[in-house]
Amino acid sequence: MEAVRLWPLWLPDLVLLWGCAGMGLAHLTATAPPAPAQACSEFSKKSCEECLKNVSCLWCYTNDTCIDYPVRSILPPSSLCSLSKARWGVCWINFEALIITMAVVAGLILVSVTVCCCYCCYCRRRSRSRPDEEEERLARKREERRLQSLQRKHERKLKHDEIRKKYGLLQDSDNPYSRFENE
């Protein structure tokens, strides 16, 4: 619990780890290849750097011992060495800091993926709704044009009827089939 409250203190370690990971690992592999023939217990009471040259070894600062990494469990058990005192790979970062930084990085990745998915779904939904809005706008304009056309047609019919009435060409609308009278 105390480690969770102190995570901002380990943030520089994370940045340093992230920035120097490639350089540090290249330096480790270039200068000292692992020695699988030697047992990890031979490096006890020496230095952490000498112990960690072999990637299968774990350095414990509580009693300055170099032990074989317990590969059957992901993390070394507390009976073997406490997480705050255990080192693997590099001497300057302990397992507590490693767990916290990995959890923070994993959390950031999950949040980023979630935000990206939500943003993409929102944009996709908006892009789908825009054509609907566009179609509705076009349909309204089409209906307005149709109504204007009908109104103009009605006005033309009234004007033509006035002209027909003026010249006596307007037929009786009650009986359009009246007999033609020739004078």
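To be clear, the structure that these remarks concern was listed above.
What counts, and where the lines are drawn
Residues numbered from 1 in each chain as written. Predicted model: local features only at pLDDT ≥ 70, side-chain atom pairs only at ≥ 80, totals over all residues. Heavy atoms only, no water. Helix = DSSP H or I, 4+ residues; strand = E, 2+ residues; numbered from the N terminus. Buried < 20%, exposed > 50% of the residue type's maximum accessible area, 1.4 Å probe, protein only. Contact = heavy atoms within 4.5 Å. Areas by Shrake-Rupley, 256 points an atom, 1.4 Å probe, with all protein chains shown as cover. Salt bridge = Lys/Arg side-chain N within 4 Å of Asp/Glu carboxyl O. Phe/Tyr/Trp six-rings, centres within 6.5 Å; stacked < 30°, edge-to-face > 60°. Disulfide = S-S within 2.5 Å. Patch = residues over 30% accessible without salt bridge, like charges linked within 9 Å, V, L, I, M, F, W, Y side chains within 5 Å. Lys, Arg positive; Asp, Glu negative; His and termini not counted. Charge placed at Lys NZ, Arg CZ, Asp CG, Glu CD.

Describing the overall build of the protein chain
- Of regular secondary structure, the protein chain possesses four helices and four strands.
- Along the protein chain, helices (α) and strands (β) appear in the sequence α-α-α-β-β-β-β-α when read from the amino end.
- Counting only residues that meet the buried cut, the protein chain has 17% of its 183 residues in that class.
- Within the protein chain, contacts between residues separated by at least 24 positions form 36% of all contacts whose residues are at least 6 apart in sequence.
- Total accessible area on the protein chain is roughly 15000 Å²; 60% of this is exposed by carbon and sulfur atoms.

Some words on the pattern of salt bridges
- Following the criterion strictly, the structure yields four salt bridges and no others.
- When the shortest N-O distance is used, the salt bridge between Asp161 and Arg164 registers 3.4 Å. Here Arg164 and Asp161 lie together in helix α4 (residues 95-166), a separation of three residues that amounts to about one turn.
- Given the relative accessible area of 39%, Arg164 is considered partly exposed.
- The network of salt bridges with common partners includes Lys157, Asp161 and Arg164.

Considering the packing of aromatic side chains
- A complete count under the given rule lists three aromatic pairs for this structure.
- When the ring of Trp59 is compared with that of Tyr61, the centres are 6.2 Å apart and the planes differ by 85 degrees; the resulting orientation is edge-to-face.
- Given a relative accessible area of 2%, Trp59 falls into the buried group.
- A relative accessible area of 33% places Tyr61 in the partly exposed class.
- Ring-pair connections join several aromatic residues into one group, and the members of that group are Tyr69, Trp88 and Phe95.

A closer look at the state of the cysteines
- Counted by the stated rule, this structure contains four disulfides.
- Between the sulfur atoms of Cys48 and its disulfide mate Cys91 the distance is 2.0 Å. Across the disulfide from Cys48 to Cys91, rotation about the S-S bond amounts to roughly -110 degrees, and the bridge is consequently left-handed. Of the two residues, Cys48 is situated in helix α3 (residues 48-51) and Cys91 in strand β4 (residues 90-94); the sequence distance between them amounts to 43 residues. Grouping residues by exposure puts Cys48 and Cys91 together as buried.
- Here Cys51 pairs with Cys66 through a disulfide, and the sulfurs are 1.9 Å apart. The disulfide joining Cys51 to Cys66 has a torsion of about 75 degrees about its S-S bond and is therefore right-handed.

Observations concerning a negative patch on the surface
- A cluster of acidic residues, Asp132, Glu133, Glu135 and Glu136, forms a negative patch at the surface.
- Mapped onto the fold, Glu133 is located in helix α4.

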